[in-house]
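What the coordinates show
Chain residues, written in single-letter form:
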Amino acid sequence: MANYFNTLPLREQLNQLGVCEFMDSSEFSDGVNALKGKKIVIVGCGAQGLNQGLNLRDSGLDVSYALRKEAIEGKRDSWKNATGNNFTVGTYEELLPTADLVINLTPDKQHTAVVNAVMPLMKQGATLSYSHGFNIVEEGMQIRKDLTVIMVAPKSPGSEVRSEYVRGFGVPTLIAVHPENDPQGKGLAEAKAYCVGTGGHKAGVLRSSFVAEVKSDLMGEQTILCGLLQTGSILSFDKMVEKGIDAGYASKLVQYGVEVITEALKHGGVSGMMDRLSNVAKIKAFDVSEELKEIMRPLFQKHQDDIMSGEFSRIMMEDWANGDKNLLAWRAETGETAFEKTPAGDVKIGEQEYFDNYLLMVAFVRAGVELAFETMVEAGIKPESAYYESLHETPLIANTIARKKLFEMNRVISDTAEYGCYLFDQACKPLLADFMKKVDTDLVGKNFNEGKDGSVDNTQLVTINEILRNHPVEIVGTKLRKAMTAMKAIKTV
Amino acid sequence: MSEPLVSIQNLNVKYQHKLVIRDLNWDIFPGESWLLTGSSGTGKSSLAKVIAGLQSYSGNVTFSFNTKSALPARVFYVESWYQFKNIEGVANFYYQQRYTSLQAKDTLSVGAELRNFGKEHQLEFTAAEKLLIELQFVTFMNSSLLELSSGEHKKLQLIKALWLKPQLLIIDQPYTGLDVLSRVKLDHLLNDISAEGVQLIIIANDTELPSCINRFARIREGQLERLPSAKLDPVSMERPGRKLPDFLKEAPVYPSDEIVRMINVNISYGEKQVLKNINWEVRAGEKWLLQGHNGSGKSTLLSLINGDHPQSYANDFYLFGNKRGSGESIWDIKQHIGIISPEFHWYFDSSSTVWQSIASGFFDSVGLFKQLPFSKSTKVDELINFFGLTDDKNDLLSTLPLGKQRLVLLARTIIKNPELLILDEPCQGLDLHQTQYFNKLVDELSSNGMTLIYVGHFESDLPACLEKRIILENGEVKKVETIAESCLI
């Protein structure tokens, strides 16, 4: 199979990367009608599979689950999840031949095997849905020409897809139709109906393409979302311990700090997060993040270049073929870091203290979000897509760290994200070595404001505020967040 | 006279920036067990939390525990509202979650929770086993915390307290959510531990109390006022003379005369069957009382009617004339129904204001996601005025006292003048005045022909309009009867 993106002429590459439309709610006035009375079969019954299925059924649609024979006979968790909620469960052979819409919600890595098993069984003219485009774009999977191929990707964990639906809302969702597989022109209507069925239409829907989704998703997850949060967390913890801060305190500050800090990011963007700092601290955080941006920009660019050329996928798939040799080694290494092994201390850290004593992370987050966004946009990805894959998802990932540190984050995210995260982390730490030598506890571990009188230069502050507020990620973010104001806070602290 | 166990001097406590306790003095001497009563919002729970060390205050609070006693020298506080957390320490649940079957368990089991508690306080598990049997809780040992109803959570907290036997035990609203039998058993158990030396403070608005309670007080204008007995001043049965908004007087338009029809409905989780062969019919305009012991299946039954139960789809039943699972969405069902239950309240959005909470009733959503047209927002204002909540309308719901929160949720429930009103223990946590006011209101509201299903354990807490009764026992229908022919318990 050849990398699909690389088979396209430049004109078409740019064309597909540029598909990006924030949809108006009036476009969903047809509700679930395009799927009403159709037979929907979901392949896989993990967190996304089960929760999306519950929502679709509660929206009046006909949902059942196709599982592998071994999962059914062994009464595995996926079988229990589906039957325990009174869904019809059957083998691929039993259910797929009559399905109008087959939704593939298995892990990315299994897509080639699953799609190869599913495709021959699907009836003429049916629709196949993905939640991630890697298989199509990077692995170059060719889908039978009579089938329609769509993508519906809720930008939240499965449990939240369900909890937001039952409270009458939804989660922001990305939809796409694969231009090579839309023989009847029904793809968009079905993707929209699917989106209504899961409640996504209430929280903002971005129409994208398989190509744009993959190239931006990979970039976001390996740089700002997982890579930088991992690097920043480990370096911050090590620095504090080196400087004699209590290890339990340091562990707690790092584990929960990133969640508290990015909660401000979620509600008010980068400037909202920076506004949580005092004026002196904000000026410092601005300077530090400018320096970080300069140091890390080449690395962000390299990641984007490798993603665009297909080099990243190639080496990752090589590792898949090699029994995950690199991945497993890096995973073990992450499990052995001092941060991972030091339990959070039994100390109370106030909400504001997480900002005041962890200025370094605020600077990391600003640098990472802006760099990821800028690099994606430079590469031809539209600002809305770049926003979703950088700023929007950062608090979601931060929440996984708050729950069980980096090990948990890497367990929850996709295989591709985990691989890319380690790749970034390995390259970023040496890059920041000189920078970190200069860092002291005023940036991480102690209150930056301590011993300062708080006075600042007016013009300097005004200039900084203007730079922060006028960054393109803030302009597009303000528009998109309006559609998702009702997003619930996910808080561990 | 011996030294007081607790001595409180010049206590001042704020609740949401408002001073609720003002220069309060209180001595609790050995041998005394107190009832603390008073209307909702007077600061009873705040005072309890001060004694338990869970609330900041100014003034003096000193303890002299009995050093010779074998009982733990500590205060233990049972909240009226217990917020459990999942395994990862997050309390981010939604109320339909307990009906969903998911293999990856999110919360601890009852057994594990109790074992953790026993370990933390170095208690013998055999003592807990006796309590589990006494309060009929053995069958819940393997249930996860998420699956418990509010009454069952209450029991679990009581079991912990009775097991620990601290020198001072404070129980906030011990009876809310308990069925009649459990209530009697609890009183016996409280008397038993009192005889062993545990001193009690019970916060309640009941007149029937365990006999060990020998001191009575209420909080009035921020101060402690001693009372001769648990009897409160007689309350006026008249509700304030505000006029019911006109839009609530309109008779509901029924799409079908058949509101609910269940044919041999069964619900089980794995091996455990919670509803067995339920047959039940509710017709338009009927006023039903639904009763049954804790764990008898009441809330599961109601969740089926409200479109909240995933197992609905494999059962044979009809709602508003349509077969369930015939292509309708849960929102199609919910638009006919107004529902309030302790569990629903428990998981309600704490970031909404009073106004937003009530307005969200138009969309059956938890949280308000849409702009209201003028015609609807005037209805919200009218109803807020009717309930006397105008001063609170911009406050966050979660900052109000429990009793007021319930009124807000009732307002939310009726804002769309639904065909079917489901009130599952709506008066839990309300004081006597509020309960009577509330039930009067239910009578008045439902006189327009609205269908009603009401869950309540105690006769004194029921509205007068109820005419039919269904009783569940261990997941089965034990009895269906007309109330006129029988008398209530």
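Residues numbered from 1 in each chain as written. Chains lettered and ligands numbered in written order. Predicted model: local features only at pLDDT ≥ 70, side-chain atom pairs only at ≥ 80, totals over all residues. Heavy atoms only, no water.

Observations concerning the overall build of chain B
The secondary structure content of chain B amounts to twelve helices and 19 strands. For 489 residues, the compact-globule formula gives about 23 Å, and the C-alpha radius of gyration of chain B, at 23 Å, lands near that figure. The burial tally for chain B puts 57% of its 489 residues in the buried class. A sequence separation of at least 24 residues applies to 70% of the contacts in chain B between residues at least 6 apart. When the accessible surface of chain B is summed, it comes to about 20500 Å², and 48% of that surface belongs to carbon and sulfur atoms. (Helix = DSSP H or I, 4+ residues; strand = E, 2+ residues; numbered from the N terminus. Rg over C-alpha atoms; globule rule 2.2 N^0.38 Å. Buried < 20%, exposed > 50% of the residue type's maximum accessible area, 1.4 Å probe, protein only. Contact = heavy atoms within 4.5 Å. Areas by Shrake-Rupley, 256 points an atom, 1.4 Å probe, with all protein chains shown as cover.)

Re the overall build of chain A
Scanning chain A for helices and strands turns up 24 helices and nine strands. Expressed as lengths along the three principal axes of its C-alpha atoms, the size of chain A is roughly 70 × 45 × 45 Å. When the 493 residues of chain A are sorted by exposure, 62% land in the buried category. Here the contacts in chain A between residues at least 6 apart in sequence split such that 80% fall between residues at least 24 apart. With the model as given, the accessible surface of chain A reaches about 17400 Å², and the carbon-plus-sulfur share is 52%. One way to put it: in chain A the 54 positive side-chain charges average out to a point 4 Å from where the 66 negative ones average out. (Lys, Arg positive; Asp, Glu negative; His and termini not counted. Charge placed at Lys NZ, Arg CZ, Asp CG, Glu CD.)

Details of the sheet that holds strand E5 (residues 75-78) of chain B
Residues and elements named next belong to chain B. Taken together, the six strands give an open sheet; going across it, the order is E5-E6-E7-E3-E8-E9, and neighbouring strands pair in mixed fashion. Two strands close off the open sheet at either side, each with one partner strand: E5 and strand E9 (223-227). Sheet twist, expressed as the mean angle between neighbouring strand axes with direction ignored, is 20 degrees. Across four bridges, the pairing between strand E3 (residues 34-37) and strand E8 (residues 215-220) is parallel. When the sheet's bridge partners are listed, Thr37 is paired in E8 with Arg218. (Pairing = 2+ DSSP bridges. Axes fitted to C-alpha atoms, helices over the stretch in contact; angles between N-to-C directions.)

Here's the deal with the packing of aromatic side chains
All names here are of chain A. Per the stated rule, a full pass over the model turns up 20 aromatic pairs over all chains. Measuring from centroid to centroid gives 5.7 Å for Phe237 and Phe339, while their planes differ by 55 degrees, and the two rings are tilted. A residue pair is termed long-range when its members are at least 10 positions apart, and Phe237 in helix H11 (residues 210-242) and Phe339 in helix H16 (residues 338-341) qualify at 102 residues. Judged by its relative accessible area of 1%, Phe339 is buried. Ring centres 6.1 Å apart and planes at 55 degrees place the aromatic pair Phe312 and Tyr419 in the tilted group. Separated by 107 residues along the polypeptide, Phe312 in helix H14 (residues 311-321) and Tyr419 in helix H21 (residues 415-431) bring together distant segments of the chain. We note that Phe312, like Tyr419, is buried. By the ring-pair criterion, three or more aromatic residues cluster together here, those being Phe312, Trp330, Tyr419 and Tyr422. Above the face of the Phe339 ring, Lys405 is positioned so that its terminal group lies 4.5 Å from the ring centre. (Phe/Tyr/Trp six-rings, centres within 6.5 Å; stacked < 30°, edge-to-face > 60°. Lys NZ or Arg CZ within 6 Å of the ring centre and 35° of its normal.)

Overview of the domain arrangement of chain B
Residues and elements named next belong to chain B. Segmenting chain B into domains produces domain 1 (6-82 + 94-227) and domain 2 (257-485). Centre-to-centre separation of domain 1 and domain 2, based on C-alpha positions: 28 Å. Counting from both sides, the interface comprises 30 residues of domain 1 and, opposite them, 36 residues of domain 2. Approximately 2800 Å² of surface area, both sides summed, lies buried where domain 1 meets domain 2, with 57% of it carried by carbon and sulfur atoms. On inspection of domain 1 and its partner domain 2, the count reaches zero salt bridges. Here domain 1 and domain 2 share two residue pairs in polar contact (both at pLDDT 80 or more) between them. Elements with a minimum of two residues in the side of domain 1 that touches domain 2: helix H4 (150-164) and helix H5 (180-195). Top element by residues in the side of domain 1 that touches domain 2 is H4. It accounts for five residues. (Domains from an automatic or database assignment. Buried area = accessible area lost by both parts, 1.4 Å probe. Salt bridge = Lys/Arg side-chain N within 4 Å of Asp/Glu carboxyl O. Polar contact = N/O pair within 3.5 Å; in protein donor to acceptor, adjacent residues only side chain to side chain.)

What about the interface of chain A and chain B?
Facing 31 residues of chain A, the contacting portion of chain B comprises 25 residues. Taken over both partners, the interface formed by chain A and chain B buries close to 2500 Å², and the fraction arising from carbon and sulfur atoms is 53%. If you look at where chain A meets chain B, you find zero salt bridges. Linking chain A to chain B there are eight residue pairs in polar contact (both at pLDDT 80 or more). Residue assignment for the side of chain A that touches chain B shows that the elements contributing at least two residues are helix H3 (47-58), helix H5 (77-84), helix H9 (158-166) and helix H20 (394-412) of chain A.

So, the side chain of Lys416(B)
Residues and elements named next belong to chain B. Looking at where Lys416 falls in the secondary structure, it is placed in the loop between helix H11 (402-414) and strand E16 (420-424). In this structure the side chain of Lys416 is engaged in a polar contact, spanning 2.7 Å, whose partner is the backbone oxygen of Ile337. Reaching out from Lys416, the side chain makes a polar contact with the side chain of Asp364 at a distance of 2.3 Å. With residues near it in sequence (within four places) discarded, Lys416 still touches Lys334, Gln335, His336, Ile337, Gly338, Gly361, Phe362 and Asp364.

Focus: the nonpolar core
Judged by nonpolar contacts, the single largest core of 128 residues is most densely connected at Tyr130(A), Ile143(A), Val270(A), Leu292(A), Met296(A), Leu360(A) and Leu432(A). For this core, the element with the highest residue contribution is H11(A), accounting for 14 residues. Both domain 1 (20-208) and domain 2 (212-482) of chain A contribute no fewer than three residues apiece to this core. When sequence neighbours within four positions are dropped, the list of residues in contact with Tyr130(A) reads Asn104(A), His111(A), Val115(A), Asn135(A), Ile136(A), Met141(A), Ile143(A), Val149(A), Ile150(A), Met151(A), Val152(A) and Phe210(A). Counting 45 residues, the second largest nonpolar core, distinct from the first, contains Phe344(B), Val366(B), Leu407(B) and Val442(B). (Core = buried A, V, L, I, M, F, W, Y, C linked by side-chain atoms within 4.5 Å.)

Quick notes on the environment of Asp431(B)
All names here are of chain B. Tracing the backbone shows Asp431 in the loop between E16 and helix H12 (432-446). On the accessibility criterion, Asp431 (5% relative accessible area) is buried. Spatially, the C-alpha atoms of Asp431 and Ala204 are 8.1 Å apart, while their sequence positions differ by 227 residues. Leave out the neighbours within four places in its chain, and Asp431 touches Ser39, Ser40 and Asn205.

Here's the deal with the pattern of salt bridges
All names here are of chain A. Taken as a whole, this structure holds 51 salt bridges over all chains when the rule is applied. With a closest N to O distance of 2.5 Å, Lys438 and Glu291 form a salt bridge. With Lys438 in helix H22 (residues 433-438) and Glu291 in helix H13 (residues 279-309), this pair connects stretches of sequence that are 147 residues apart. Classification of Lys438 as exposed rests on a relative accessible area of 58%. On the basis of relative accessible area, Glu291 is assigned to the partly exposed category, the value being 30%. A salt bridge links Lys302 to Asp306; the nearest nitrogen and oxygen atoms lie 2.7 Å apart. Of this pair, Lys302 and Asp306 both sit in helix H13, four residues apart, roughly one helical turn. Salt bridges here are not isolated pairs; linked through shared partners, they connect Glu290, Lys293, Arg297, Arg366, Glu370 and Glu374.

Looking at the domain arrangement of chain A
Residues and elements named next belong to chain A. Considered domain by domain, chain A is made up of domain 1 (20-208) and domain 2 (212-482). Using C-alpha coordinates to define each centre, domain 1 is positioned 32 Å away from domain 2. Each partner contributes residues to the interface: domain 1 has 21 residues there, and domain 2 has 26 residues. Summed over the shared surface of domain 1 and domain 2, the result is seven residue pairs in polar contact (both at pLDDT 80 or more). Among the elements of the structure, helix H8 (134-137) and strand E9 (205-208) are those that each provide at least two residues to the side of domain 1 that touches domain 2. For the side of domain 1 that touches domain 2, the class distribution of residues is nine nonpolar, six polar and six charged. (Nonpolar A, V, L, I, M, F, W, Y, C, P; charged D, E, K, R; others polar.)

Some points on the sheet that holds strand E11 (residues 272-283) of chain B
Pairing is antiparallel in the open sheet, where four strands are placed in the order E11-E10-E13-E14 (chain B). Either end of the sheet is taken by a strand with one partner, and the two such strands are E11 and strand E14 (322-323) of chain B.

Things to note about the pairing of strand E15 (residues 337-340) of chain B
All names here are of chain B. Residues of E15 alternate between two faces, with Ile337 and Ile339 on one and Gly338 and Ile340 on the opposite face, all of them buried. Of the strand pairs in this sheet, E15 and E16 are connected by four bridges, and their pairing is parallel. Looking at the pairing, Gly338 lines up with Leu421 of E16.

Here's the deal with the side chain of Ser256(B)
All names here are of chain B. Looking at the element boundaries, Ser256 is found in the loop between E9 and strand E10 (258-269). Accessibility expressed as a relative area gives 18% for Ser256, which makes it buried. Within the structure, Ser256 has its side chain in polar contact with the backbone nitrogen of Glu258 (distance 2.9 Å).

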